[in-house]
Amino acid sequence: MEETGHSYLAAAVEIALLTESDRACWESLARGKDAHFEVERGDDDYETTWRRLLDDERVRGAAARLDGRMVGIAHYLFHASVWSAGRCYLADLFVDADARRRGVASAVIEWVARDAEEHGHPGLYWNTLEDAPARALYDKVGRFHEGFILYTYRRRRGAS
């Protein structure tokens, strides 16, 4: 695979929605993603997320394969937008360390963007850590909005 500007040559990368037969490989990559980002989850969390990825039409999961081996996963969801057509949030994108820098992530982003557009949600966006190694790719394929700040809020349990 070779990356050239905003395009990519990814003939050997195959991407498709997750299916029941993908469970073991998906969970291995999902646990790898969580280990990479130092996130701890219980077995029930993986089961719940797996069911959501297969059963909820708004939440989707895709697998990327090189030479028939699953090497990457993406989790994304469609949602309404107040001022424009629907949007697509790329919640997770993870590529196995052995398959990185081979065009897999670029191919997945392009595939998710196409899937989102085909389903009426042409605005694709995602978040990443400021110091993430993936920033090199994201800065090439995405538009960084200098000056935008992301806030998150979680209400404390029991708060009135």
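Cut-offs and rules
Residues numbered from 1 in each chain as written. Predicted model: local features only at pLDDT ≥ 70, side-chain atom pairs only at ≥ 80, totals over all residues. Heavy atoms only, no water. Phe/Tyr/Trp six-rings, centres within 6.5 Å; stacked < 30°, edge-to-face > 60°. Helix = DSSP H or I, 4+ residues; strand = E, 2+ residues; numbered from the N terminus. Buried < 20%, exposed > 50% of the residue type's maximum accessible area, 1.4 Å probe, protein only. Pairing = 2+ DSSP bridges. Axes fitted to C-alpha atoms, helices over the stretch in contact; angles between N-to-C directions. Contact = heavy atoms within 4.5 Å. Salt bridge = Lys/Arg side-chain N within 4 Å of Asp/Glu carboxyl O.

Enquirer: Give me the packing of aromatic side chains: which residues, what numbers.
Expert: Inspection of every chain in the model, using the stated rule, returns four aromatic pairs. The interplanar angle of 40 degrees and the centroid separation of 5.1 Å between the aromatic rings of tryptophan 26 and tryptophan 50 together place this pair among those described as tilted. Placement of the pair is tryptophan 26 in helix H1 (residues 23–36) and tryptophan 50 in helix H2 (residues 43–55), with a sequence separation of 24 residues. For tryptophan 26, a relative accessible area of 1% translates into the label buried. Geometrically, the ring pair formed by tyrosine 89 and tyrosine 125 is tilted, given 5.2 Å between the ring centres and 40 degrees between the ring planes. Taken together, the residues tyrosine 89 in strand E6 (residues 87–95) and tyrosine 125 in strand E7 (residues 123–125) connect sequence positions 36 residues apart. Judged by its relative accessible area of 26%, tyrosine 125 falls in the partly exposed class. Among the aromatic residues, those joined into a cluster by ring pairs are Trp26, Tyr46 and Trp50.

Enquirer: Pulling in residues and values, what's your account of the sheet that holds E6?
Expert: Strand order in the open sheet formed by five strands is E3-E4-E5-E6-E7, and the pairing between neighbours is mixed. Sheet topology places strand E3 (13–17) and E7 at the edges, where each strand pairs with a single neighbour. In this sheet, neighbouring strand axes are inclined to one another by 25 degrees on average, regardless of whether the strands run parallel or antiparallel. Across five bridges, the pairing between E3 and strand E4 (residues 59–66) is antiparallel. From the neighbouring strand, alanine 16 faces E4, where its bridge partner is alanine 63. Contacts from H1 reach strand E5 (69–79) and E6 within the one sheet, and its direction differs from that of E5 by about 80 degrees.

Enquirer: Account for the pattern of salt bridges, naming residues and giving values.
Expert: Inspection of the entire model under this criterion finds 13 salt bridges. In this structure, the salt-bridge partner of aspartate 22 is arginine 65, at a minimum N-O distance of 2.3 Å. Remark: arginine 65 occurs in strand E4 and aspartate 22 occurs in the loop between E3 and H1; sequence separation between them is 43 residues. Relative accessible area serves as the criterion here: at 19%, arginine 65 is assigned to the buried category. Close ionic contact of arginine 31 with glutamate 27 constitutes a salt bridge, the shortest N to O distance being 2.9 Å. With arginine 31 and glutamate 27 both in helix H1 and four residues apart, this pair spans about one turn of that helix. By relative accessible area, arginine 31 is classed as partly exposed at 31%. Judged by relative accessible area, which is 18%, glutamate 27 ranks as buried. Taken together, the shared-partner salt bridges connect Arg23, Glu27, Arg31, Asp43 and Glu47 into one network.

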